[in-house]
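# Analysis of the macromolecular model
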Amino acid sequence: MPKKEKKNEKVDEFIRPDGRKYDELRPYKIRAHILKNADGSAEIRLGGNWIIAAVYGPKEHFPKFEISQDRAILNCRYHMNPYSTSERKSPKPSRREIELSKVIRNALTQSVILDDFPEMSIDVFIEVAQAEGSTRVASITAASVALADAGIPMRDMVVGCSAGKYNGHIILDVGEIEDKEGEADLPIAIMPNLRKVVLLQMDGKMTHEEFKKAFDLALKGAMQLYEEQLNALKNILESMSTLGEGEINEKK
Ligand code: ADP
């Protein structure tokens, strides 16, 4: 075999720590309407990530002095359980969790039509049951499905995905080892139909070319996850149309 071909083959055959190809997502599944007591809910499994999002509202906001007279307040809490990481994490909210709550809130705020609910609030609770890298974008993806499940009007779904650089290769959907040992991490979230980016962060270093390749890969991954969001919502609509109200509550 000529030398040149052999080299390309090697690039194509680059295998990642968990056996994936450079442009492969981890196995994923999204389910909507999983909690009995929230107004809307969803869970995402993405590789070893297992994240549950619950939505309450729109509801009257307390304390009254905080209300906004022309739009609802969107509250967001991202929380990692002590058992979600390999070493027990303190249950107290860390600086990282406070920051990620804000980052996720900023992304979702661009889609939720808050003007429809003056003086009210909408709460989004995100519980990371198991973490394995790229939890912020997986959380956004689950939260958007939970908001839709709660019937909250949105301009578009919001879906997140990450790309990065590991061992010199640009890769899709950064896992925990790749996050910790890799050269760069690029989480993004988009509104797929409006073609708008609502989150873009980068940790590490990439060249301009590498950034472009990583961004395109993350977009491709986000579109795959968007299809899964729609499937999750379709599944719940279908089960509602074939069940009586009482049965729906039991099925929850
Ligand atoms: P993201 O989860 O969005 O990638 P980070 O880059 O901060 O956010 O975290 C990368 C990964 O590191 C997480 O997904 C998780 O698997 C792991 N991790 C985060 N915080 C902790 C912690 N306190 N203890 C152990 N592992 C953690």
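Scroll up to find the structure.
Read on for a plain summary of the structure. As the structure is a computational prediction, the values presented were derived from the model and not from experiment. (Residues numbered from 1 in each chain as written. Predicted model: local features only at pLDDT ≥ 70, side-chain atom pairs only at ≥ 80, totals over all residues. Heavy atoms only, no water.)

## What to know about the sheet that holds strand β3 (residues 49–60)
- Strand order across the open sheet formed by five strands is β1-β2-β3-β5-β4, with mixed pairing between neighbours. Of all strands in the sheet, those with a lone pairing partner are β1 (28–32) and β4 (73–80), marking the two edges. Neighbour-to-neighbour, the strand axes of this sheet turn through a mean angle of 15°, independent of strand direction.
- Pairing geometry for β4 and strand β5 (residues 120–130), over eight bridges, is parallel. From the neighbouring strand, Arg77 faces β5, where its bridge partner is Phe125.
- Strand contacts of helix α2 (residues 95–109): β4 and β5, with the helix running at about 140° to β4, the strand carrying the most contacts. (Pairing = 2+ DSSP bridges. Helix = DSSP H or I, 4+ residues; strand = E, 2+ residues; numbered from the N terminus. Axes fitted to C-alpha atoms, helices over the stretch in contact; angles between N-to-C directions. Contact = heavy atoms within 4.5 Å.)

## Description of unusual backbone geometry
- Backbone torsion omega between Gly57 and Pro58 reads 0°, so that peptide bond is classified as cis.
- As for its placement among the helices and strands, Pro58 is situated in strand β3.
- For the peptide bond that leads from Phe62 to Pro63, omega is -5°, which places it in the cis range.
- Tracing the sequence through the fold places Pro63 in the loop between β3 and β4.
- Positioned with a positive phi, Glu119 is a non-glycine residue whose angle comes to about 70°.
- Relative to the helices and strands, Glu119 is located in the loop between α2 and β5.
- Of note in the backbone geometry, Arg195 takes a positive phi value of approximately 55° without being a glycine.
- Looking at the secondary structure, you find Arg195 in the loop between β8 (184–191) and β9 (196–200).
- Residue classification places Arg195 among the exposed positions, given a relative accessible area of 76%. (Buried < 20%, exposed > 50% of the residue type's maximum accessible area, 1.4 Å probe, protein only.)

## With respect to a positive patch on the surface
- Where like charges cluster on the molecular surface, the positive patch consists of Arg71, Lys102, Arg105, Arg155 and Lys196.
- The topology assignment puts Arg105 in helix α2. (Patch = residues over 30% accessible without salt bridge, like charges linked within 9 Å, V, L, I, M, F, W, Y side chains within 5 Å. Areas by Shrake-Rupley, 256 points an atom, 1.4 Å probe, with all protein chains shown as cover. Salt bridge = Lys/Arg side-chain N within 4 Å of Asp/Glu carboxyl O. Lys, Arg positive; Asp, Glu negative; His and termini not counted. Charge placed at Lys NZ, Arg CZ, Asp CG, Glu CD.)

## Some remarks on the site of the ligand
- Near the ligand there are 13 residues, and of these Arg96, Gly133, Thr135, Arg136 and Glu176 occur at the shortest range.
- Gly133 places a polar main-chain atom, nitrogen or oxygen, 2.8 Å from an oxygen atom of the ligand.
- Coverage of the ligand by the protein amounts to 79% of the 530 Å² it exposes when considered alone.
- Mapped onto the shell around the ligand, the elements with two or more residues apiece are α3 (135–149) and α4 (176–181).
- When residues in the shell around the ligand are grouped by element, the largest group, three residues, is from α4.
- Here the residues of the shell around the ligand are counted per class, giving two nonpolar, four polar and seven charged. (Near = heavy atom within 4 Å. Polar contact = N/O pair within 3.5 Å; in protein donor to acceptor, adjacent residues only side chain to side chain. Nonpolar A, V, L, I, M, F, W, Y, C, P; charged D, E, K, R; others polar.)

## Considerations on the pattern of salt bridges
- Evaluated as defined, the whole model comprises 16 salt bridges.
- Close ionic contact of Lys64 with Glu60 constitutes a salt bridge, the shortest N to O distance being 3.0 Å.
- In this structure, Glu97 and Lys89 form a salt bridge, with 3.0 Å as the shortest nitrogen-oxygen distance.
- Relative accessible area serves as the criterion here: at 14%, Lys89 is assigned to the buried category.
- Within this structure, Arg16, Asp18, Arg20, Arg26, Glu132, Asp173 and Glu178 form a network of salt bridges that share partners.

Structural measurements only, silent on function.
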